[in-house]
Amino acid sequence: MNILIIGNGGREHALAWKIRQSSLCNKLYIAPGNAGTGQVGENVSIAVDDFEGLGKFCLDKKLDLVVVGPEVPLVKGIRDYFESHENLKSIALVGPGQQGAQLEGSKDFSKQFMIRHGVPTAKARTFLSHESAEAVKYLETCTPPLVLKADGLAAGKGVIITSSVMEAQQAIKEMLEEKKFGEASSKVLVEEFLDGIELSVFVLTDGNDYVILPEAKDYKRIGDGDTGPNTGGMGAVSPVAFADAAFMKKVEEKVIKPTVLGLKKESIPFKGFIFIGLMNVKGEPQVIEYNTRMGDPETEAVMTRIESDLVELLSACAHGKLKGKQITISPNYAVTVVMASGGYPDNFEKGKIISGIGESDEALVFHAGTLKRENEILTHGGRVLAVTGRGKNLVDATARAYARARQITWEGVYYRKDIGQDLARVESELRN
Ligand code: AMP
Ligand code: GLY
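Residues numbered from 1 in each chain as written. Chains lettered and ligands numbered in written order. Predicted model: local features only at pLDDT ≥ 70, side-chain atom pairs only at ≥ 80, totals over all residues. Heavy atoms only, no water.

Draft legend 1. Inspection of the sheet that holds strand S3 (residues 42-43) at higher detail. One open sheet accounts for 5 strands, arranged S3-S2-S1-S4-S5; its pairing is parallel. Two strands lie at the open edges of the sheet, namely S3 and strand S5 (92-94), each paired on one side alone. Of the strands in this sheet, strand S1 (3-7), strand S4 (65-68) and S5 are in contact with helix H12 (residues 310-318), which crosses S5 at around 105 degrees. (Pairing = 2+ DSSP bridges. Helix = DSSP H or I, 4+ residues; strand = E, 2+ residues; numbered from the N terminus. Contact = heavy atoms within 4.5 Å. Axes fitted to C-alpha atoms, helices over the stretch in contact; angles between N-to-C directions.)

Given below as structure tokens:
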């Protein structure tokens with residue numbers, strides 16, 4: 001099969017790394033890719049939302065399968081574009097249409113969807129831009145902490161959690177009246193705060209059947225001990241100790257099944273990934289959000305634990321043939337440490353020369369924001385590399401990831417030093 005991956009982050013490098021290992025994979029292209037994906041396949045300089053350019057490329061190269069990495073092309077309707085063009089519609093594509101992508105693209109849509117299908121989630125009320133005064137009044141009646149969510153896509157920054165009613169009132173005014181997140185905050189949800197431990201669960205579905213990928217825990221805050229502003233994700237660990245068989249059974253019965261069935265009942269076709277952001281609240285799963293793609297950096301941990309042929313699964317998904325497919329998952333641990341540019345998630349500089357990135361058996365180095373220039377690899381984004389250590393247990397995998405991270409450097413490099421430590425504590429509590 002000739003395969004195209006759309007995207008340019010660590011997630012796409014990890015997908016490319018795994019897809020390349022399949023005997024079913026012939027040519028592999030990544031659009032636009034980064035310096036890392038260029039080592040596994042061929043990068044093509046087409047933007048993720050240039051549907052016409054991508055379509056032409058697929059025809060030129062006789063591609064069989066397209067895997068969409070990020071949310072933007074999904075929400076903008078890449079599947080709908082391919083399906084509406086006679087010569088493109090036979091190309092298999094992993095990723096939902098615009099309607100299905102609303103599960104991620106609109107937090108109001110996904111909240112109402114969860115309510116309609118009995119998926120456990122925090123209670124919420126939605127306010128429109130002309131309802132700012134009502135929202136301010138409503139917040140008086142709520143008990144902090146308060147969670148405010150912009151309805152639309154806001155690159156992971158659209159959620160504000162405040163510890164006082166006054167702060168929440170100020171924030172909601174900024175969101176609704178001053179469009180703090182642009183159009184994304186023309187609708188805002190005020191949501192009940194869920195107190196628990198977070199977990200990401202990944203499902204690959206063809207709209208009827210599904211396989212559950214390894215779960216992971218993400219580390220969203222920039223600073224050690226979960227401090228400072230939110231980021232795209234500073235690390236990931238898989239498996240997650242508290243997600244034992246009993247908990248995952250609850251997730252499957254109470255969340256995954258009603259979600260897939262709900263899509264079917266509402267006649268929303270869905271061939272792609274569903275990434276369920278969950279909170280474990282006293283042993284019960286509560287959905288925080290859906291994404292309709294894989295997580296980043298979770299993919300950089302998750303892919304290393306899938307033993308099955310990923311191309312076989314992706315192709316089955318895109319052709320609606322997942323029924324009866326099984327997935328084999330390694331019991332090994334994977335710990336991913338994201339190395340970022342100094343200053344991220346605020347302002348940062350690009351173009352720093354990365355040293356120490358050469359071959360090593362210690363761990364896998366997935367590229368996120370990198371650029372190749374002659375013989376050098378330069379930083380080219382906020383999140384630059386995702387280093388994944390693998391081991392028989394959490395301690396080994398963590399040690400390998402950090403040993404490798406310490407070998408790599410550039411001016412201003414920053415990474416969290418505590419990835420996995422909270423889970424190590426949970427594991428030791430579970431043992432005692
Ligand atoms: P989201 O963009 O929906 O993933 O939200 C970003 C982060 O905000 C989540 O990963 C959680 O850590 C936090 N969050 C979102 N909703 C809630 C909630 N209802 N209660 C507690 N924390 C939340
Ligand atoms: N790591 C969280 C995300 O991909 O949205």
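Draft legend 2. Representation of the site of ligand 2 within the structure. As a structural note, the neighbourhood of ligand 2 is formed by Asp-218, Gly-232, Phe-275, Arg-293, Gly-295, Asp-296, Pro-297 and Glu-298. Here Asp-218 contributes a side-chain N or O atom positioned 2.9 Å from a nitrogen atom of ligand 2. Here a nitrogen atom of ligand 2 sits 3.2 Å away from a polar atom, N or O, in the main chain of Gly-232. Burial of ligand 2 by the surrounding chains reaches 88%, relative to a free accessible area of 200 Å². Taken together, the residues that form the shell around ligand 2 break down as 2 nonpolar, 2 polar and 4 charged. (Near = heavy atom within 4 Å. Polar contact = N/O pair within 3.5 Å; in protein donor to acceptor, adjacent residues only side chain to side chain. Areas by Shrake-Rupley, 256 points an atom, 1.4 Å probe, with all protein chains shown as cover. Nonpolar A, V, L, I, M, F, W, Y, C, P; charged D, E, K, R; others polar.)

Draft legend 3. Structural context of H12. Counting buried residues along H12, 8 of its 9 residues qualify, which places the element largely inside the surrounding structure. Among the residues of H12, those classed as buried are Leu-310, Val-311, Leu-313, Leu-314, Ser-315, Ala-316, Cys-317 and Ala-318. Against S1, helix H1 (10-20), S4, S5, strand S10 (197-205) and strand S16 (272-281) lie the buried residues of H12. Immediately downstream of H12, the backbone of Gly-320 shows phi near 70 degrees, a positive value. (Buried < 20%, exposed > 50% of the residue type's maximum accessible area, 1.4 Å probe, protein only.)

Draft legend 4. Focus on the site of ligand 1. Around ligand 1, a shell composed of 14 residues is seen, among which Glu-191, Glu-192, Leu-194, Glu-198 and Glu-289 lie nearest. Contacts to ligand 1 include Leu-194, whose backbone N or O atom sits 2.8 Å from a nitrogen atom. Within the side chain of Glu-198, a nitrogen or oxygen atom sits 2.5 Å from an oxygen atom of ligand 1. Contact with the protein chains covers 91% of the free accessible surface of ligand 1, which is 480 Å². At the level of secondary structure, the elements contributing two or more residues to the shell around ligand 1 comprise strand S7 (146-150), strand S8 (159-162) and strand S17 (284-291).

Draft legend 5. Quick peek at the sheet that holds strand S22 (residues 383-391). One open sheet holds the 5 strands; their spatial order is S12-S15-S18-S22-S19, and the pairing between them is antiparallel. Across the chains shown, the open sheet's two edge strands, defined by having one partner strand only, are strand S12 (217-218) and strand S19 (364-367). Two elements, S19 and S22, share 4 bridges in a ladder whose sense is antiparallel. Looking at the pairing, Leu-364 lines up with Thr-388 of S22.

Draft legend 6. Geometry of unusual backbone geometry. Put simply, Pro-144 and Pro-145 share a cis peptide bond, and its omega is -5 degrees. A cis amide bond, omega 0 degrees, links Ser-238 with the succeeding residue Pro-239. Looking at the element boundaries, Pro-239 is found in the loop between strand S15 (235-238) and helix H10 (245-265). The residue Lys-62 is not glycine, and still its phi comes out positive at about 50 degrees. Taking relative accessible area as the criterion, Lys-62 reaches 63% and is therefore assigned exposed. Phi is positive for Glu-374, close to 50 degrees, though the residue is something other than glycine. With respect to the secondary-structure elements, Glu-374 resides in the loop between strand S20 (370-373) and strand S21 (376-379). Judged by relative accessible area, which is 69%, Glu-374 ranks as exposed.

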